[in-house]
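Spelled out from the first residue to the last, the chains are:
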Amino acid sequence: QVQLVESGGGLVQAGGSLRLSCAASGRTFSWYAMGWFRQAPGKEREFVAVISWSDGKTSYASSVKGRFTISRDNAKNTVYLQMNSLKPEDTAVYYCSADRDHYDPRDWRLYDYWGQGTQVTVSS
């Protein structure tokens, strides 16, 4: 089992920044690909970013590429999502997730573990 706890969400004005953190406990954190997803009201959960477990390769949704950065600190069992130049359309609940079986999955259905989510609200 892996337990994930997100933090760092909040209310920010458009153009501002936030850094989300996801603390993991349980099995060996470094063996898991770690992803960030988001879900806005009335919309499906969508991929934001992923970082692979083996070499730290990162991938991003086109809507956030160049603005968001995912990183991980295996010594602290933590993954981060630095979000810059935030837009109102980034408003959503952001979820951290972990997957043991795939390199850098973008499909939320492949993930095994999820955090409870943290709200990000960007005002215009």
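These lines cover the structure that appears in this document, whether it is placed above or below. Position numbers for residues count from 1 along each chain, tracking the sequence in the order it is written. With the structure being a predicted model, the display of local features is reserved for residues of pLDDT at least 70 and the display and counting of side-chain atom pairs for 80 or more, all residues being used for whole-chain, interface and lining totals. Side-chain descriptors were evaluated using all non-hydrogen atoms of the structure, hydrogens and water having been removed beforehand.

1. Quick word on the pairing of strand E3 (residues 18-26)
On a regular strand, one side chain projects to one face of the sheet and the next to the other, so that they alternate. Definition in use: Should DSSP find at least two bridges between two strands, the strands are regarded as paired. In DSSP terms, a helix is any run of H or I states spanning at least four residues, a strand is any run of E spanning at least two, and both are numbered starting from the N terminus.
Sheet topology note: the strand E1 (residues 2-7)/E3 ladder contains six bridges and is antiparallel. Residue pairing for E3: Ser7 is matched across the bridge by Ser21. Relative to strand E8 (residues 78-83), E3 runs antiparallel, the two sharing six bridges. Across the sheet, the residue bridging to Leu20 is Leu81, located in E8.

2. Describing the nonpolar core
Stated precisely, the cut-off is as follows: Nonpolar cores were defined as sets of buried Ala, Val, Leu, Ile, Met, Phe, Trp, Tyr and Cys residues, with membership established by side-chain atoms within 4.5 Å. Accessible area is worked out with a 1.4 Å probe on protein chains only. A residue is then buried under 20% of its type maximum, exposed over 50%, and partly exposed in between. It only takes one pair of heavy atoms within 4.5 Å for two residues to be counted as in contact.
Leu4, Met34, Trp36, Val79, Leu81, Met83 and Tyr94 are the most contacted members of the largest nonpolar core, which totals 35 residues. With five residues, strand E5 (residues 46-51) is the largest single contributor of residues to this core. Contact partners of Leu81, with chain neighbours within four places excluded, come to Leu18, Arg19, Leu20, Trp36, Val48, Ala49, Phe68, Thr69, Ile70 and Tyr94.

3. A short note on the pattern of salt bridges
What counts, and what does not: Here, a salt bridge means any side-chain nitrogen of Lys or Arg that lies within 4 Å of a carboxyl oxygen of Asp or Glu.
Under the definition given, this model contains five salt bridges. Note that Arg67 and Asp90 form a salt bridge whose closest N and O atoms lie 2.8 Å from each other. You can see Arg67 sitting in the loop between strand E6 (58-60) and strand E7 (68-73) and its partner Asp90 sitting in the loop between E8 and strand E9 (92-99), a full 23 residues away along the chain. For Asp90, a relative accessible area of 0% corresponds to the buried category. Between Arg109 and Asp107 there is a salt bridge whose closest N-O contact spans 3.0 Å. By relative accessible area, which is 26% here, Asp107 ends up partly exposed.

4. Thoughts on the pairing of E5
Within E5, five of the six residues are buried, which leaves the element mostly enclosed by the surrounding structure. Here strand E4 (residues 33-39) pairs with E5 via five bridges, running antiparallel. Looking at E5, one finds that Arg38 is bridged to Glu46. Counted between consecutive antiparallel strands, the loop separating E4 from E5 contains six residues, among which Gly42 sits at a positive phi close to 80 degrees. With three bridges connecting them, E5 and E6 associate as antiparallel partners. Residue pairing across strands places Val50 opposite Ser59, the latter belonging to E6. The antiparallel pairing of E5 with E6 creates a hairpin that spans six residues between the two strands, and Gly56 there sits at a positive phi of about 75 degrees.

5. Some thoughts on the packing of aromatic side chains
Worth spelling out the cut-off: Aromatic rings from Phe, Tyr and Trp, with only the six-membered ring used for Trp, were paired whenever their centres fell within 6.5 Å, and each pair was classed as stacked if the ring planes differed by under 30 degrees, edge-to-face if by over 60, and tilted otherwise. Each ring is checked for a lysine NZ or an arginine CZ that lies within 6 Å of its centre and within 35 degrees of its normal; such an atom marks a charge sitting over the ring.
Going through the model one piece at a time under the given rule, you end up with six aromatic pairs. Aromatic pair Tyr32 and Tyr113: ring centres 6.2 Å apart, planes at 65 degrees, arrangement edge-to-face. On the criterion of sequence distance, the pair formed by Tyr32 in the loop between E3 and E4 and Tyr113 in strand E10 (residues 113-114) is long-range, its members being 81 residues apart. Classification of Tyr32 as buried rests on a relative accessible area of 5%. Here the aromatic residues Phe37, Phe47, Tyr95, Tyr111 and Trp114 are joined through ring pairs into a cluster of three or more. In this structure, Arg45 packs its charged tip against the face of Tyr95, placed 4.1 Å from the ring centre. Over the ring of Trp114 we find Arg45; its NZ or CZ atom is 4.6 Å from the centre of that ring.

From the geometry alone we can't say anything about function, so treat these as descriptive.
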